[in-house]
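# Geometric and topological summary
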Amino acid sequence: MSNPSLLILAGDGIGPEVMAEVRRIIDWFGDKRGMAFDVTEDLVGGCAYDAHGTPLHDDTMAKAQAADAVLLGAVGGPKYDALDFSVKPERGLLRLRKEMDLFANLRPAQCFDALADFSSLKREVVAGLDIMIVRELTSGIYFGEPRGIVTEGNERVGINTQRYTESEIDRVARAAFELARKRGGKLCSMEKANVMESGVLWREVVTKIGAADYPDVELSHMYADAGAMQLCRWPKQFDVIVTDNLFGDLLSDAAAMLTGSLGMLPSASLGAPMDNGRPKALYEPVHGSAPDIAGQGKANPIACILSFAMALRYSFDAGSEADRLEAAVAQVLADGVRTADLMGPDGGTPVTTTGMGDAVLAALDASL
Ligand code: IPM
Ligand code: MG
């Protein structure tokens, strides 16, 4: 049997440097754990625009559709700010999500004990935090029609449309219920049913699925604005949160900050199962391309490394190897190894991106 295939799209900014560390970790699993992957690399985002005049070439799209999993670094940068909206680096990422139909975006927010003091919230509020936001990723206001900027009378109007079908709500809700069942058994659904019809429908569909198929999962509902407030007040009340595309974008950034650094958080975007039973999948760090520190060896590769751990768990049925990699990261942090983003006020000398990769590899070796 051939090896599973991985398409790597390192992208822009710090993407290539954090991905270089992931490549070494992928090789480690091949050498030491007999888990070899066929790795192909290609372009996405601004670098793809520079090469082909489009943030995602059709050939790259086809490779992504065929791969067992896609690993993405980051896209975007100030160099591309003036580009037409249709060819902005972000459009490459949005096209991947949409055409691969990656409707369930899993964004864990976990606070590593060693980093609890880095959060802007008090240690007792965040220590031990382990929540999972499931964000709908292929619909809602990001993609709804009509959209655009039109002229009405003597002024222009910007238009976007929030739109959710029952089946779109159904499939992401089921993904969230399944996760809740495997985790702490609690699901909180967030929308704004008080002002939006799409929220009314969202709440109805989620409630119905819960009662019919997941009576064992404790379901609650919150308006998304109150949810944002509760996330800052006492985040440990949550286990799994399910929400729409835009609210999920906002809530996951807020949740990320609870953990102390955006440089730590991975994500998985999952679609329907392929013929081989694996879900269509793309894994990427939650952080962006951080152009201000790109190319300086300062970036924290942990979010990207943990994204590969999610790939091991969700695409390659290797949960125990994912545990091994996550434990190696936790060990390195407990040992005090820090990239620049994790330096406390009391200082210390940060390691480089490669230095962090070295430390994780050493911890992996020690795990054998
Ligand atoms: C994210 C990002 C993207 C989004 C951008 C880069 C298009 O903020 O993945 O959260 O808005 O979905
Ligand atoms: Mg975002």
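Let me sum up the structure you'll find in this document.

Cut-offs and rules
The written sequence of each chain sets the order in which its residues are numbered from 1. Here every chain gets a letter starting at A, and every ligand a number starting at 1, in the order they are written. Local features in this predicted model are restricted to residues of pLDDT 70 or higher, and side-chain atom pairs are both shown and tallied only at a pLDDT of 80 or more, whereas totals for entire chains, interfaces and linings draw on every residue. The side-chain quantities take in all heavy atoms of the structure and omit both hydrogens and water. Strands here are runs of E lasting at least two residues and helices are runs of H or I lasting at least four, both read from the DSSP assignment and numbered beginning at the N terminus. Just to be clear, the radius of gyration here is over C-alpha atoms, and the globule rule we use is 2.2 Å times residues to the power 0.38. Categorising residues by exposure relies on relative accessible area from a 1.4 Å probe, with only protein chains included: less than 20% of the type maximum marks a residue as buried, more than 50% marks it as exposed, and the intermediate range marks it as partly exposed. Here, two residues are considered to be in contact whenever any of their heavy atoms come within 4.5 Å of each other. Only Phe, Tyr and Trp rings take part, Trp by its six-membered ring, and two of them pair if their centres are within 6.5 Å. Stacked means planes under 30 degrees apart, edge-to-face means over 60, and tilted covers everything else. Strand pairing is assigned whenever DSSP identifies at least 2 bridges connecting the two strands. Nearness of a residue to a molecule or strand requires only that one of the residue's heavy atoms be within 4 Å of it. Residues adjacent in sequence count toward polar contacts only when both atoms are side-chain atoms; beyond that, a polar contact is any pair of N or O atoms within 3.5 Å, and within protein one must be able to donate a hydrogen and the other to accept it. Residue-level accessible areas treat just the shown protein chains as cover; the underlying method is Shrake-Rupley with a 1.4 Å probe. Nonpolar residues are Ala, Val, Leu, Ile, Met, Phe, Trp, Tyr, Cys and Pro. Charged residues are Asp, Glu, Lys and Arg, and all others, Gly as well, are polar. In the sections that follow, a salt bridge refers to a side-chain nitrogen of Lys or Arg positioned within 4 Å of a carboxyl oxygen of Asp or Glu. In this description, the arc belongs to the directions extending from the helix axis to the C-beta atoms.

## Digging into the overall build of the protein chain
Counting its regular elements, the protein chain contains 12 helices and 12 strands. Taken against the 2.2 N^0.38 rule, which gives 21 Å for 368 residues, the C-alpha radius of gyration of the protein chain at 20 Å falls within 12% of a compact globule. In terms of principal-axis extent, the alpha carbons of the protein chain reach across some 60 × 50 × 50 Å. Going through the 368 residues of the protein chain one by one, you find that 52% of them count as buried. Across the protein chain, every contact between residues at least 6 apart in sequence was considered, and the portion connecting residues at least 24 apart equals 74%.

## Some points on the packing of aromatic side chains
What the rule picks out here adds up to seven aromatic pairs. Judged by centre distance (6.0 Å) and plane angle (65°), the ring pair of phenylalanine 29 and phenylalanine 308 falls under edge-to-face. One end of the pair, phenylalanine 29, is in helix H1 (residues 15-33); the other, phenylalanine 308, is in helix H10 (residues 302-314), and 279 residues separate them in sequence. Here the two residues phenylalanine 29 and phenylalanine 308 agree in accessibility, since each one is buried. Grouping aromatic residues by their ring pairs yields a cluster made of Trp28, Phe29, Phe37, Phe308 and Phe316.

## Side note on the pairing of strand E12 (residues 279-285)
With seven of seven residues buried, E12 is to be regarded as a mostly interior element. Side-chain alternation along E12 places Pro279, Ala281, Tyr283 and Pro285 on one buried face and Lys280, Leu282 and Glu284 on a second face that is also buried. Across two bridges, strand E3 (residues 69-74) lies against E12 in parallel orientation. Within the sheet, the bridge partner assigned to leucine 71 lies in E12 and is tyrosine 283. In this antiparallel pair of consecutive strands, strand E11 (residues 266-273) and E12, the connection spans five residues, and glycine 277 shows a positive phi of 90°.

## Digging into the environment of glutamine 331
Mapping glutamine 331 onto the fold places it in helix H11 (residues 319-334). Take glutamine 331: its relative accessible area is 41%, and that puts it in the partly exposed class. Residues glutamine 331 and alanine 363 lie 32 residues apart in sequence; the distance between their C-alpha atoms is 7.0 Å.

## Digging into the site of ligand 1
Around ligand 1 sit Glu90, Arg97, Arg107, Arg135, Tyr142 and Asp249, and those are all the residues in its vicinity. Side-chain polar atom of tyrosine 142 to an oxygen atom of ligand 1: 2.5 Å apart, as the coordinates give it. Protein contact buries 74% of the 320 Å² of open area that ligand 1 shows by itself. Residues belonging to the shell around ligand 1 are distributed by class as follows: one nonpolar, no polar and five charged.

## Remarks on the pattern of salt bridges
On inspection of all chains with the given rule, the structure shows 24 salt bridges. Glutamate 41 is the partner of arginine 23 in a salt bridge, and the nearest nitrogen-oxygen pair spans 2.5 Å. Of this pair, arginine 23 sits in helix H1 while glutamate 41 sits in strand E2 (residues 38-42), and the two are 18 residues apart along the sequence. For arginine 23, a relative accessible area of 25% corresponds to the partly exposed category. Residue glutamate 41 is classed as partly exposed on the basis of its relative accessible area, which comes to 44%. In this structure, the salt-bridge partner of aspartate 170 is arginine 174, at a minimum N-O distance of 2.9 Å.

## Let's talk about helix H8 (residues 224-233)
Among the residues making up H8, those that are buried are Ala224, Gly227, Gln230 and Leu231. Seen end-on, H8 carries its buried residues on one side only, within an arc spanning 110°. Packing partners of the buried residues in H8 comprise strand E5 (130-136), strand E8 (186-191), strand E9 (218-223), strand E10 (240-243) and helix H9 (245-258).

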